[in-house]
Amino acid sequence: MPKAQETVLEIDLNALKQNFNYLKSKLKDNTKILAVVKAFAYGNDSCEIAKYLENLDADYFAVAYVNEGVTLRQAGVTKPILVLHPIAINFKTLIEHCLEPNLYSVKILEAFIEIATQENQRNYPIHIKFNTGLNRLGFDENDIEFIANKLKETSVVKVKTVFSHLAASEDLNERDFTLTQINTFKNYSEKLIDLLGYKPLRHMCNTSGILNYPEAHFDMVRTGVGLYGFGNSEKESKNLKPIATLKTIISQIHTIEKGESVGYNRAFKSTTKIRTATLPIGHADGINRIYGKGKGFVTIDGEKAPIVGNVCMDMIMVDVTNIECKEGDEVIIFGPDFTTAETLAESAGTISYELITSISQRVKRVLLK
Ligand SMILES: *Cc1c(COP(=O)(O)O)cnc(C)c1O
């Protein structure tokens, strides 16, 4: 790998392929894979990642919002794209780009049928989501008859899949709750399918669901974080490889005498003579202020250098007192080899998902093929 000369997020497509194949090895032959590429493919690069996964034979894609789906279509992605959280005002745009809405309430179902009717659609693919315990988006049991009746009186839309989402698939202490969710989904979806008289695909599992609940794979699974190299457990993270490495360089080195302070609000005051390195990456790049004051750290020459004082918008200062390094040297923030995003996130009490999706669009993405 080339040494960094500025702040970059390197994306290893081979690792993506390995993760895809590992997750696929957990499925039955005919179970489909939906790749979740919302939020710039979890902070990576949604178009490049989606195009690569399309070649690897991902069956479906999902994004959160309509504009994310439009971006994928404009980049030439042709496989079906499920929009997990469409907002009614964007329905016309959604149809224009052949995106497929998750419909999760009476209001949103009626609103979509109205727009699809105006747009002269027939059998437009829609996805029905049930709430089985996450209490976020989804129809309840007593909506099932309404959905079936509504859909019988129109040929404008057709249900392509029925799905639900697990609340705690990574937490084995919540196994009973998860099994109840799975059962509830089976019941609701069977009821709806009976009333519809045709058989949409069913799906429920996210990455941890795939790994922990093989009995809940149904016809398709939805994986996000696993593709990007995180398994939400020590055991599974060993089977996956983080695809992204966040790197930067040392801009300047300072000697801080005892009693001097470093950074804004003098959040760090030195009790001994130390050496700090200033790095061109800050909270505007996605290194949140929660990583400041010694919680977060970077790796220089294989050694841990803790963040000193407050994270600035465009810079952090790290303690390099015991590290052999000079201005211009490479710095690793996270990646597969030293500190993973999962470990760094945990050092500040958050999760890999938040850290990787926070890396802002200001950071240059570099693809390694
Ligand atoms: C984001 C999301 C996923 C992906 O979850 P991972 O834990 O990243 O695999 C799956 N399904 C829904 C509904 C989501 O919102």
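Structure shown above.
Keep in mind that what you see is a predicted model, and the values were worked out from it rather than measured.

A. Main features of the packing of aromatic side chains. All told, the structure shown has six aromatic pairs when counted by the stated rule. Look at Tyr-42 and Tyr-353: their rings are 6.1 Å apart centre to centre, the planes differ by 40°, and that puts the pair in the tilted class. In this pair, Tyr-42 sits in helix H2 (residues 38-43) while Tyr-353 sits in helix H12 (residues 352-358), placing the two residues 311 residues apart along the sequence. Here Tyr-42 falls in the buried class, since its relative accessible area comes to 7%. Taking the relative accessible area as the measure of exposure, Tyr-353 reaches 26% and is therefore partly exposed. With a centroid separation of 5.6 Å and an interplanar angle of 55°, the aromatic rings of Phe-112 and Tyr-124 are classed as tilted. Here Phe-112 is found in helix H6 (residues 106-118), whereas its partner Tyr-124 is found in strand E6 (residues 124-129), with 12 residues between them in sequence. Chaining the aromatic ring pairs together yields one cluster made of Tyr-42, Tyr-228 and Tyr-353. We note Lys-158 situated over the ring of Tyr-198; from NZ or CZ to the ring centre the distance is 4.7 Å.

B. Up close: the packing of helix H7 (residues 144-152) against helix H8 (residues 175-196). Contact geometry for H7 and H8: axes closest at 9 Å, N-to-C directions at 30°. Relative to H8, the element H7 lies roughly parallel. Viewed along their axes, H7 and H8 form a crossing whose handedness is right-handed. Facing Ile-144, Glu-145, Ile-147, Ala-148, Leu-151 and Lys-152 of H7, the residues of H8 in contact are Tyr-188, Lys-191, Leu-192, Leu-195 and Leu-196. Residue classes in the contact of H7 with H8 are distributed as eight nonpolar, no polar and three charged.

Definitions and cut-offs
Residues numbered from 1 in each chain as written. Predicted model: local features only at pLDDT ≥ 70, side-chain atom pairs only at ≥ 80, totals over all residues. Heavy atoms only, no water. Phe/Tyr/Trp six-rings, centres within 6.5 Å; stacked < 30°, edge-to-face > 60°. Helix = DSSP H or I, 4+ residues; strand = E, 2+ residues; numbered from the N terminus. Buried < 20%, exposed > 50% of the residue type's maximum accessible area, 1.4 Å probe, protein only. Lys NZ or Arg CZ within 6 Å of the ring centre and 35° of its normal. Axes fitted to C-alpha atoms, helices over the stretch in contact; angles between N-to-C directions. Parallel < 35°, antiparallel > 145°, perpendicular 65-115°, else oblique. Left-handed = near helix turned anticlockwise from the far one by under 90°. Contact = heavy atoms within 4.5 Å. Nonpolar A, V, L, I, M, F, W, Y, C, P; charged D, E, K, R; others polar.

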